[in-house]
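Structure assessment
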Amino acid sequence: MELNGTFYPNVSRTITGSGNLVFSNDVILDCDTSVNPVNLTLAEIPSGSWSTQYKLYVKDKSGNASVNNITINAPVGFTINNQPSIVISTNGVAVVISIVSNTGYIGVSSGGYGGFISVVNEQNPFTPPATLTTALDTLTILGFQSVLTGAGDISLFNAFVKINTTELNLLIANKKLIPNQIYAVKGFLFGLSIDLYTTFIKATSNNTIDTYGTGEFYNADYRSVGNYSGVAGFNSQLGIWQSTLAVVVIGDVVIWDNYHYVNTSGVNTLNNPALDVANWKLLPYSVTNGYILEYNLVGIFDRGKGWEIGWRKDQVANYVEWYDDPVTNLNSLNRFQWGNIFCNQNVITGGSIFDCCNVIVKSRLSNNTIRNAQLYLTDLINPSIFNFFRDNEFVDNNRPMTIIGKSLSANFQNNCFIKPDGISLFTMFDNSTFEQNNFILASLSGSLNNAQIRKNNVNLGSVNIVKTGGIFDDNSIIDGTIIITSSTGIERSNTLIGGSTIQVNNINNGTIQGNIVENSSNIVIATNSLTGNIRSMKISNHSFLQISTINNGIIGDGGVKGLGVTLDNATNLIFDTFIAGSTIYSCKFSSCKIEIDLVDGSIANCLMDATLITLSAMNTRTLVNLTLKNAELGSAGFGLPETFENGEYIKGNGSIIATLDCSDPTIYDPATQTLAIPLNLNKFAGEFVLKNANGIVIDKLKNTNSLFASKFTNDNGSTQFNITPVGVALINQIIGNASAPPVATIVNRINGQDSILTENLGTLRGVIELNIYV
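Quick caveat: nothing in here was measured; it's all calculated off a predicted structure. (Residues numbered from 1 in each chain as written. Predicted model: local features only at pLDDT ≥ 70, side-chain atom pairs only at ≥ 80, totals over all residues. Heavy atoms only, no water.)

Here we take up the overall build of the protein. A tally of helices and strands in the protein yields two helices and 75 strands. Sequence separation of 24 or more characterises 39% of the internal contacts of the protein that already satisfy a separation of 6 or more. By element, 53% of the accessible surface of the protein is carried by carbon and sulfur atoms, the whole surface being about 34900 Å². (Helix = DSSP H or I, 4+ residues; strand = E, 2+ residues; numbered from the N terminus. Contact = heavy atoms within 4.5 Å. Areas by Shrake-Rupley, 256 points an atom, 1.4 Å probe, with all protein chains shown as cover.)

The sheet built from six strands is open, its strands ordered S1-S3-S5-S9-S10-S7 with mixed pairing. The open sheet terminates on both sides in strands that have one partner only, identified here as strand S1 (12–15) and strand S7 (79–80). Note: strand S3 (residues 28–31) against strand S5 (residues 56–60), four bridges, orientation parallel. Bridge pairing in S5 links Cys 31 to Asp 60. (Pairing = 2+ DSSP bridges.)

Another point: the side chain of Asn 268. Tracing the backbone shows Asn 268 in the loop between strand S17 (259–263) and strand S18 (280–283). Separated by 3.1 Å, the side chain of Asn 268 and the backbone oxygen of Gln 242 make a polar contact. A polar contact is formed between the side chain of Asn 268 and the backbone oxygen of Ser 243, at a distance of 3.5 Å. Those residues in contact with Asn 268, other than ones at most four positions away along the chain, are Trp 241, Gln 242, Ser 243, Leu 245, Val 248 and Trp 280. (Polar contact = N/O pair within 3.5 Å; in protein donor to acceptor, adjacent residues only side chain to side chain.)

Glancing now at the side chain of Ser 476. Relative to the elements of secondary structure, Ser 476 occurs in strand S40 (residues 476–478). On the basis of relative accessibility, which here comes to 18%, the residue Ser 476 falls in the buried class. If sequence neighbours within four positions are ignored, Ser 476 has contacts with Asn 456, Asn 457, Val 458 and Thr 495. (Buried < 20%, exposed > 50% of the residue type's maximum accessible area, 1.4 Å probe, protein only.)

Now for the sheet that holds strand S4 (residues 38–41). The strand order across the open sheet built from four strands is S2-S4-S6-S8, with neighbouring strands paired in mixed fashion. Of all strands in the sheet, those with a lone pairing partner are strand S2 (20–21) and strand S8 (85–88), marking the two edges. In terms of strand pairing, strand S6 (residues 70–73) meets S8 through four bridges, oriented antiparallel. Each bridged residue has a counterpart across the sheet, and for Ile 72 the counterpart in S8 is Ile 86.

Let's shift gears to the pattern of salt bridges. Inspection of the entire model under this criterion finds eight salt bridges. Across the pair Arg 749 and Asp 754 runs a salt bridge whose closest N-O atoms are separated by 3.1 Å. Judged by relative accessible area, Arg 749 falls into the partly exposed class, the value being 30%. One connected set of salt bridges, linked through shared partners, spans Glu 435, Arg 454 and Asp 473. (Salt bridge = Lys/Arg side-chain N within 4 Å of Asp/Glu carboxyl O.)

A cluster of nonpolar side chains, Val 287, Leu 293 and Tyr 295, forms an exposed patch at the surface whose accessible area comes to about 240 Å². Of note, Val 287 is situated in the loop between S18 and strand S19 (292–302). Classification of Val 287 as partly exposed rests on a relative accessible area of 40%. (Patch = residues over 30% accessible without salt bridge, like charges linked within 9 Å, V, L, I, M, F, W, Y side chains within 5 Å.)

Core analysis: the biggest nonpolar cluster contains 33 residues, and Phe 439, Ile 482 and Ile 523 have the highest contact counts within it. Grouped together as the second largest cluster of nonpolar side chains are 26 residues, Leu 168, Ile 209, Trp 322 and Leu 333 included. (Core = buried A, V, L, I, M, F, W, Y, C linked by side-chain atoms within 4.5 Å.)

For the protein, mean pLDDT is 75; residues scoring 70 or higher make up 67% of the total. Below pLDDT 50 for its whole length, residues 370–387 participates in 54 contacts with residues either more than four positions away or in separate chains. Within the model, pLDDT remains below 50 along residues 629–655, and this stretch shows 69 contacts once partners closer than five positions in the same chain are excluded. (pLDDT = per-residue confidence, 0-100.)

For the rest of this paragraph, the subject is helix H1 (residues 165–173). Of the residues making up H1, those classed as buried are Thr 165, Glu 167, Leu 168 and Leu 171. The arc that holds every buried residue of H1, seen down its axis, measures 155 degrees, which confines them to one face. Within H1, the exposed residues directed more than 90 degrees away from the buried face are Thr 166 and Ala 173. Considering only its buried residues, H1 is in contact with strand S11 (161–164), strand S12 (182–188), strand S13 (197–202) and strand S20 (307–313). Where H1 starts, the residue carrying a side-chain oxygen 3.1 Å from the main-chain nitrogen of Thr 166 turns out to be Asn 164. (Arc of directions from axis to C-beta.)

As a further point, take the packing of aromatic side chains. Under the counting rule described, the total for this entry stands at 16 aromatic pairs. A network of ring pairs unites the aromatic residues Phe 190, Tyr 197, Phe 217, Tyr 218, Tyr 259, Tyr 285 and Tyr 291 as a single cluster. Positioned over the ring face of Phe 217 is Arg 312, at 3.7 Å from the centre of the ring. If you follow Arg 312 out to its NZ or CZ, it ends over the ring of Trp 338, 4.1 Å from the centre. (Phe/Tyr/Trp six-rings, centres within 6.5 Å; stacked < 30°, edge-to-face > 60°. Lys NZ or Arg CZ within 6 Å of the ring centre and 35° of its normal.)

As a further point, take the environment of Gly 762. Tracing the backbone shows Gly 762 in the loop between strand S74 (755–761) and strand S75 (764–771). By relative accessible area, which is 65% here, Gly 762 ends up exposed. On a C-alpha basis, the gap between Gly 762 and Ser 706 in space is 8.6 Å, while along the polypeptide they are 56 residues apart.

Below, the structure is given as structure tokens:
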């Protein structure tokens, strides 16, 4: 069956090129696109005298419009599809044009959306309509939102709408979100980063968004696979920055705090790249600056500071929740090593901060969190296979664990153990490290040969170590116990608090130094041998140091043993036997007790303040170079010792005062502005009155005592002390904190005497206290 025929055929003609005008009797325009694009202009619409029956058919006669487009222009002052023109760019498509108003044409394509689309509104509500110059623009725009549409108009929903967080808030407030539309929102906060991140989120209603989405991130290039074509003069990628990088040349790129830095000088210093702007330049995020572009699942929230990323889960199963640490001012999201394939399967929750941002990770056994479950690892874990066993968290696990370290460089590091069933640490050998582990209600036992035990925290737990050589350094024990079966090497800089104990069961053949023992904590040593060295410790607040037998120790072997040991505030020093040849040397005792059952040695160069010395049996009774302030000797009935050399015993006075005559050239040298304390005074005097010092300048202090602070006043007039910055200070010069003035002038006044108090800081003199009355 065919359509009815017409008496008159339709008017048709073929047009080519540009400058074509539409005639009033045109019905079909065949556009020859075989060689050139075709351009035509519609006729003006007679105002108030038009009909919707008007139809003009424009078609691609040659089927080549995708190469040579057909542009249909409205006359000046008129529109087609609310635009100045439309374009046919699909082969073989025809457009039917009719009139819809005194100034408007409408065109409908036979090719659907493939030809052109009528667009009323702009790309999004915050972009001016002028950005859409032709209908084809709508096909290449990522993100389109039409808020108001008219008859015959089409709303286009592409992949996402590109807006910022301010515009997001405006859409929410005005209920203009489009449900199920994806929005690419720039401006999300990521931890404490100064960068603003783009997050893809979905609208769940006209004024609500989903609580999770997809974040756009640039990871540091931990695997050295990045594109560095945008880095001028790029040489090589050196991985995470280290101060020990031996060779650095201009164009080398390093990683620090998840950013890339390029070297500009060929120099590397002890300062990290973020602080060393003279030698390193920050590279902004870009895939041509070596960064790896990655899209990760994120949670989103608004805490009143703006839209933030609340958690992030990356492609190697790391999950980190937002957490601002008020102590370190770090954020868990920024301090994680995103993108390193060896740093995987971590769970960092909101109650903690895990800082592995600048840790060099070379193995896959790392950074796992295990909570309230049996260990998924085997009972026997051998870190020598992986070179280290580190960054693991074991919480409430109910399976005991045995760890075997046989490598010469095995590391047991940064692990956290909270109420596990038990840990057995087998021998870790030379150059191994056991450090920065936390034991809470946990116990560990094992042997270490010449290994480093450093920066571990033991809280309500115990660590039982059979130790040979090595270092036991900077550990913190709170209500816990460290038992060292036989000590060689060094035990130093440890902190014991709240009833904790370091216990050496057998012989101390090493050095125990720099420990802080307080709040009823103890250091208990069975025997301090000839080579045993105990020094530079502070024992306070009802704590004690107890040594059953001192076998020619403390001073023994010709060393200075016991240097700087401080006991104060109801603290006891308890010795059973103090044999001949042993010496307590250069210690400070304040408000404490010294109890020695048998004394055949000597006590020398010590400061004793409000201290009771109980010597049950004293044979040689030799006390040398002591400064005794408000002190007593012995409930056993001893008065002053028989031998008391070069010291000063002042009971009832608060300090030992000496006068220095600055007119004496051996005391004050005006050429070098140096004040020198005579050697016969510096061993015990702690306060000095300057005589004949009016108008002099003191730039250096010489021969001040290293065991206690030195106080200076003057008897008449004023004396100037120079304070030199730390970075340029020379030997014997005086340094102070940032708030100290460069010059301190002390004046003798009728009411209020100025003073300056200093202490030895290596070869420099540090200002402790400055009293200036004005």
